[in-house]
Amino acid sequence: METFLAHLYWWSVLFCYCLAAEELKNVVTEYVTKSECRLDKERLRELLSKVTDEQKLNILQQTKSVVARMTALHKAAQRGHADVLKAVLTTLQSWDRLKILFAKDYMKRTPLHEAVFSDQTESVKAILDSLRADEQLQLLKEQEWYGKTPVEMASGEMLDVLAEYENGANEG
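Residues numbered from 1 in each chain as written. Predicted model: local features only at pLDDT ≥ 70, side-chain atom pairs only at ≥ 80, totals over all residues. Heavy atoms only, no water.

S.K.: Explanation requested: the overall build of the chain in the structure shown.
M.R.: Looking only at helices and strands, the chain features 11 helices and 0 strands. The order of α-helices and β-strands along the chain, N terminus first, is α-α-α-α-α-α-α-α-α-α-α. Looking at the 172 residues of the chain, the share that counts as buried comes to 45%. Restricting to contacts in the chain with at least 6 residues of sequence separation, those with at least 24 account for 71%. (Helix = DSSP H or I, 4+ residues; strand = E, 2+ residues; numbered from the N terminus. Buried < 20%, exposed > 50% of the residue type's maximum accessible area, 1.4 Å probe, protein only. Contact = heavy atoms within 4.5 Å.)

Next comes the structure, spelled out in structure tokens:
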């Protein structure tokens, strides 16, 4: 009887993981494919806490818009949804966070490129604040399709923000 109850318990846990993963995939897919979709950051955090790290990474990497091949982080960065970026990035392990932040769309842009191109200062800060100084510098040097780094794409206030991170990364 105890063995049966133990098996039943583990099957229920596995079932909950599967349901949460499926719901997370649906939420992320809707966010990526609809132009005006907004994520509920609390619901997103709840779903992210209910799935394994492997499921998180797979869903976030593989769910892309059809035309631009943008991930959910590209879209959040482009739309200025710094709260969504923070919610996702704080739940990822360091290595997984790097994989997601270095993912490129069809123009070979990272989420940081998208944030800079769309002049989303808070998104830029959310992305760079989630990284160590050496990782910040590496991301700031990533080139897109036309060979431009995020710093080379920036102008005005955005250029000042990126320069602070670039200088901080060089000192760190």
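S.K.: Even after reading the chapter, I still don't get the nonpolar core, so can you show me in this structure?
M.R.: Grouped together as the largest cluster of nonpolar side chains are 40 residues, with contacts concentrated most on V124 and L162. Per element, the largest residue contribution to this core is 6 residues, and it comes from helix 5 (residues 82-89). Contact partners of V124, with chain neighbours within four places excluded, come to L112, A115, V116, M158, V161 and L162. (Core = buried A, V, L, I, M, F, W, Y, C linked by side-chain atoms within 4.5 Å.)

S.K.: What's the story with the pattern of salt bridges in this structure? I'm lost.
M.R.: Two side chains bearing opposite charge may form a pair once their charged atoms approach each other closely. Taken as a whole, this structure holds 7 salt bridges when the rule is applied. Between K104 and E142 there is a salt bridge, with the nearest N and O atoms lying 2.7 Å from each other. Note that K104 is positioned in the loop between helix 6 (94-101) and helix 7 (111-117) and E142 in the loop between helix 9 (133-140) and helix 10 (150-153), a separation of 38 residues in sequence. Of the residues examined, K104 reaches a relative accessible area of 30% and is grouped as partly exposed. Put simply, E114 and R109 hold a salt bridge, and the shortest N to O gap is 3.9 Å. Residues joined in a network through salt bridges with shared partners are R109, E114 and E144. (Salt bridge = Lys/Arg side-chain N within 4 Å of Asp/Glu carboxyl O.)

S.K.: Is there a simple way to think about helix 4 (residues 72-79) in this case?
M.R.: Turn by turn, an α-helix covers 3.6 residues, leaving residues three or four places apart pointing in a common direction. A large share of helix 4 lies buried, amounting to 7 of its 8 residues. Considered for burial, the residues of helix 4 that qualify are A72, L73, H74, K75, A76, A77 and R79. The first or second residue beyond helix 4 is G80, which carries a positive phi of 80°.

S.K.: Explanation requested: the packing of aromatic side chains in the structure shown.
M.R.: Given two aromatic rings, their pairing is described by the distance between the two centres and the angle made by the two planes. Within the structure shown, the criterion is met by 0 aromatic pairs. A cation over an aromatic ring shows up here: R109 above the ring of F117, its NZ or CZ 4.2 Å from the ring centre. (Phe/Tyr/Trp six-rings, centres within 6.5 Å; stacked < 30°, edge-to-face > 60°. Lys NZ or Arg CZ within 6 Å of the ring centre and 35° of its normal.)

S.K.: Explanation requested: the side chain of E114 in the structure shown.
M.R.: Looking at the secondary structure, you find E114 in helix 7. Residue class for E114 comes out buried when judged on its relative accessible area of 2%. Setting aside chain neighbours within four positions, we find E114 in contact with M70, H74, A77, Q78, D105 and R109.

S.K.: Quick question: what am I supposed to make of the side chain of E135 here?
M.R.: Turning to its location among the elements, E135 is positioned in helix 9. Taking the relative accessible area as the measure of exposure, E135 reaches 5% and is therefore buried. Ignoring anything within four residues of it in the chain, the contact list for E135 reads S94, L98 and F102.

S.K.: Could you clarify how one ought to interpret a negative patch on the surface in this entry?
M.R.: A cluster of like negative charges, contributed by D119, E157, D160 and E164, occupies part of the molecular surface. Here E157 lies in helix 11 (residues 157-171). For E157, a relative accessible area of 56% corresponds to the exposed category. (Patch = residues over 30% accessible without salt bridge, like charges linked within 9 Å, V, L, I, M, F, W, Y side chains within 5 Å. Areas by Shrake-Rupley, 256 points an atom, 1.4 Å probe, with all protein chains shown as cover. Lys, Arg positive; Asp, Glu negative; His and termini not counted. Charge placed at Lys NZ, Arg CZ, Asp CG, Glu CD.)

S.K.: How should I be thinking about unusual backbone geometry in this particular structure?
M.R.: It is generally the case that most residues other than glycine have a negative phi and that most peptide bonds are trans. Although it is not a glycine, K108 sits at a positive phi angle of roughly 60°. With respect to the helices, strands and loops of the structure, K108 is situated in the loop between helix 6 and helix 7. Even without glycine at this site, D119 takes up a positive phi of about 55°. Its location among the elements puts D119 in the loop between helix 7 and helix 8 (121-129).

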